[in-house]
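Structural overview
Take a look at the letters that make up each chain.
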Amino acid sequence: MIEFDIRTKDKINSLDGIYRRYCDDIIVVVGKSESEEAKSFILNEIKKYHLEINEDKTDIRIFNKDSKGELRSYNEHNNYRNLQYLGFEFNGKNTYIRSSSMSRYYTRMTARIRENLKAAYGSKSIGNKVFRKKLNNRYTEKGERNFISYARRASEKMDSETIYRQYTNSVAKVKKKT
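So, how was this worked out
- Residues numbered from 1 in each chain as written.
- Predicted model: local features only at pLDDT ≥ 70, side-chain atom pairs only at ≥ 80, totals over all residues.
- Heavy atoms only, no water.
- Pairing = 2+ DSSP bridges.
- Helix = DSSP H or I, 4+ residues; strand = E, 2+ residues; numbered from the N terminus.
- Axes fitted to C-alpha atoms, helices over the stretch in contact; angles between N-to-C directions.
- Core = buried A, V, L, I, M, F, W, Y, C linked by side-chain atoms within 4.5 Å.
- Buried < 20%, exposed > 50% of the residue type's maximum accessible area, 1.4 Å probe, protein only.
- Polar contact = N/O pair within 3.5 Å; in protein donor to acceptor, adjacent residues only side chain to side chain.
- Parallel < 35°, antiparallel > 145°, perpendicular 65-115°, else oblique.
- Left-handed = near helix turned anticlockwise from the far one by under 90°.
- Contact = heavy atoms within 4.5 Å.
- Nonpolar A, V, L, I, M, F, W, Y, C, P; charged D, E, K, R; others polar.
- Expected span 1.5 Å × (residues − 1).
- Arc of directions from axis to C-beta.

The next point concerns the sheet that holds strand β5 (residues 83-85). Strands sit in the order β5-β6-β7 across an open sheet of three strands; the sheet is antiparallel. Each edge of the sheet is formed by a strand with only one pairing partner; in this case those strands are β5 and β7 (95-97). Put simply, the sheet's adjacent strands are angled 25 degrees from each other on average, direction ignored. Across three bridges, the pairing between strand β6 (residues 88-90) and β7 is antiparallel. Bridging from a neighbouring strand, Phe88 pairs with Ile97 of β7.

Encoded structure:
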């Protein structure tokens, strides 16, 4: 796909835009008047490789100022929609970890805590102790290689206060559930 990347990057640059691709995720940023030309070019180029673009996953976002004068992201029907790319969302002002990723993290954390509580205090318990250190390593800022450490690195790299707020207090959240 290197030739595809080169041709597409050159075309998008000629439209004063930005082109990025990571594996099968592509993002193109161009002015509204150039959007159809960019989309048409990419669809024609991708056909040369006998690949198809999944239209269900193709999103067009238009950034305009809202009634407060702040830049916001809208879909082509002028409904407020965040731009999503590589697990992140951008609304025109703030960057977030995708809400579905955060939801999945909290669901898994809650399920694991329930399992630990059942193992510690259930009718067929194998002990009488909740393994808090293990839970904290797996689901909080105390752990070095977990979802929260990924969120922390993303927050620092992107200098995003909103991502920081998404993951803070994870120790308190685990403690509250145990």
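Still to come is the rest of the account.
A word on the nonpolar core. Membership of the largest hydrophobic core comes to 14 residues, with the highest contact counts inside it found for Ile97, Met109, Tyr139, Ile163 and Val174. Only α3 (99-121), α4 (132-139), α5 (147-158) and α6 (161-167) provide two or more residues apiece to this core. A per-element tally of this core places α3 first, with four residues. In terms of nonpolar packing, the next biggest core, distinct from the first, is built from eight residues, Phe4, Ile12, Ala38 and Ile42 among them.

Moving on, we get to the environment of Lys48. With respect to the helices, strands and loops of the structure, Lys48 is situated in the loop between α2 (35-47) and β3 (62-65). When its relative accessible area of 53% is taken as the criterion, Lys48 is described as exposed. Among the polar contacts listed, one links the side chain of Lys48 to the side chain of Glu45, at a separation of 2.8 Å.

This part is about the packing of helix α1 (residues 2-14) against α2. Contact pair α1 / α2: the axes reach a minimum separation of 11 Å and the direction vectors enclose 165 degrees. Taken as axis vectors, α1 and α2 run roughly antiparallel relative to one another. The two elements α1 and α2 meet at a crossing, and its hand is right-handed. Across the interface between the two elements, Phe4, Arg7, Thr8, Lys11 and Ile12 from α1 touch Glu37, Ala38, Phe41, Ile42, Glu45 and Ile46 from α2. Across the contact of α1 with α2, the residue classes break down as six nonpolar, one polar and four charged.

In this section: α1. The terminal C-alpha atoms of α1 lie 18 Å apart, and with 13 residues this matches the ideal 18 Å at 1.5 Å per residue to within 8%. Listed in full, the buried residues belonging to α1 are Phe4, Asp5, Thr8 and Ile12. All buried residues of α1 lie within an arc of 95 degrees about the axis, which places them on one face of the element. Exposed and oriented more than 90 degrees from the buried face of α1 are Ile2 and Ser14. Phi for Asp16, located one or two positions after α1, is positive at around 60 degrees.

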